[in-house]
Amino acid sequence: MNFLEEKIATDGRVYEGNVLKIDNFLNHQIDIDVMRQIACEFKRRFKGVQVDKVLTIEASGIAIAVMLANMYDVPVVFAKKGAAVTNTDDKYISQAYSFTHKKMNNVFVSRPYLTKGEKILIVDDFLADGKAFGALIDIVNQAGGEVVGLGVAVEKGQQNGGRDLREAGYRLESIAIIDEMDDKTNTIKFREQR
């Protein structure tokens, strides 16, 4: 069991509807030591990969992206949801369905922040159906960039997102992959990884 699986097993709560609550250390209250370990693990797994920028989607992926980008000494770009009145420049726009919030979101990145030829590492906190990753990949493609890898802290392996992304040819690194959860016993079964 790796550090993140141990933390999930200790601090995580499983709720009805295939919901894992780990907001006490990953995405509401943030445990900096866990974030540091996640970033170090992604840096190790993507060793030798050129990264020009780290891309994520607001809001929960930002902490992971910042820690990782610091290690690469590159900028972080995060896709915003909706539109702000102060943001009037051209944007790359895509749509992502949120498994957590059960709604479709328009997501965008302002054009100046992603440019043709850049090598982009995309990271996020959770992967369920893969819609957020799909939207971010679409945005990178619109910009003419290259997706050099996908990193996720927690993949829900019983859902199709990870499988679909791997079958599409993307290099996906998941620190913890959950194959089964039981809300009645609060048990979590992790997939064996190399």
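A brief structural summary. (Residues numbered from 1 in each chain as written. Predicted model: local features only at pLDDT ≥ 70, side-chain atom pairs only at ≥ 80, totals over all residues. Heavy atoms only, no water.)

Observations regarding the environment of Lys119
Inclusion rule: Put simply, DSSP H or I for four residues or longer makes a helix, DSSP E for two residues or longer makes a strand, and each gets a number counted from the N terminus. The contact criterion used is simple: two residues touch if any of their non-hydrogen atoms lie within 4.5 Å. Any N or O atom pair separated by 3.5 Å or less is treated as a polar contact, with the protein-specific requirement of one donor-capable and one acceptor-capable atom, and with residues adjacent in sequence counted only for side-chain atom pairs.
As for its position among the elements, Lys119 is in strand S7 (residues 119-127). Sequence separation of Lys119 and Val147 is 28 residues, and the distance between their C-alpha atoms is 6.0 Å. Every residue in contact with Lys119, bar those within four places of it in the chain, is listed here: Gln50, Val51, Asp52, Lys53, Glu146 and Val148. Here the side chain of Lys119 touches Glu146 through a polar contact of 2.7 Å, side chain to side chain.

Points about the side chain of Asp125
Keep this limit in mind: The buried label goes to any residue with under 20% of its type's maximum accessible area, the exposed label to any with over 50%, and the partly exposed label to all in between, with areas taken from a 1.4 Å probe on protein chains only. Positive charges are assigned to Lys and Arg, negative charges to Asp and Glu, while His and the chain termini are left out of the count. Within this document, salt bridges are pairs made up of a side-chain nitrogen of Lys or Arg and a carboxyl oxygen of Asp or Glu, the two lying within 4 Å of each other.
Here Asp125 is to be found in strand S7. For the buried Asp125, no salt bridge is present, and the opposite-charge side chain at shortest range is Lys81, 8.4 Å distant. In this structure the side chain of Asp125 is engaged in a polar contact, spanning 3.1 Å, whose partner is the side chain of Asn27. In this structure Asp125 touches Leu26, Asn27, Ser60, Gly61, Ile64, Val152, Ala153 and Val154, once residues within four positions along its chain are discounted.

Regarding helix H1 (residues 3-11)
Rules: As used here, the arc is the angular range of directions from the helix axis to the C-beta atoms.
Here H1 has its buried residues at Leu4, Glu5 and Ile8. Taken down its axis, H1 places every buried residue within 100° of arc, on the same side. Packing partners of the buried residues in H1 comprise strand S2 (19-21), helix H2 (32-45), strand S8 (146-156), strand S9 (172-182) and strand S10 (187-190). Where H1 begins, one side-chain oxygen reaches toward the backbone nitrogen of Leu4, 3.0 Å away; that side chain belongs to Asn2.

Overview of the sheet that holds strand S4 (residues 76-81)
Note: strands within a sheet are paired through backbone hydrogen bonds, in either parallel or antiparallel orientation. Test applied: Here a strand pair is declared whenever DSSP counts at least two bridges between the two strands. Note on geometry: axes are lines fitted to C-alpha atoms, helical ones only across the stretch in contact, with angles between N-to-C directions running from 0 to 180 degrees.
Read across the open sheet, the eight strands follow the order S5-S6-S4-S3-S7-S8-S9-S10; overall the sheet is mixed. Each end of this open sheet is capped by a strand with a single partner; those strands are strand S5 (91-98) and S10. Across this sheet, the average inter-strand angle for adjacent strands is 30°, counted without regard to direction. Relative to S10, S9 is paired through four bridges, and the arrangement is antiparallel. Looking at the pairing, Asp182 lines up with Thr187 of S10. Packing of H2 onto the sheet brings it into contact with S7, S8 and S9, and relative to S9 it is tilted by some 125°. Those strands touched by helix H3 (residues 62-72) are strand S3 (53-57), S4, S7 and S8, and its axis lies near 145° from that of S7.

Quick word on the nonpolar core
The following threshold applies: To qualify as a nonpolar core, a set must consist of buried Ala, Val, Leu, Ile, Met, Phe, Trp, Tyr and Cys residues joined through side-chain atoms within 4.5 Å.
Ranked by size, the top nonpolar core spans 33 residues in total, and within it Leu4, Ile8, Leu20, Leu26, Ile38 and Val154 carry the most contacts. Among the secondary structure elements, those contributing two or more residues to this core are H1, H2, H3, S7, S8, S9 and S10. Sorting elements by how many residues they give to this core places H3 first, with six residues. Not counting chain neighbours up to four residues away, the residues in contact with Ile8 comprise Leu20, Ile22, Phe25, Val154, Ala176, Ile188 and Phe190. With 24 residues, the next largest nonpolar core counts Tyr92, Val147, Leu150 and Leu165 among its residues.

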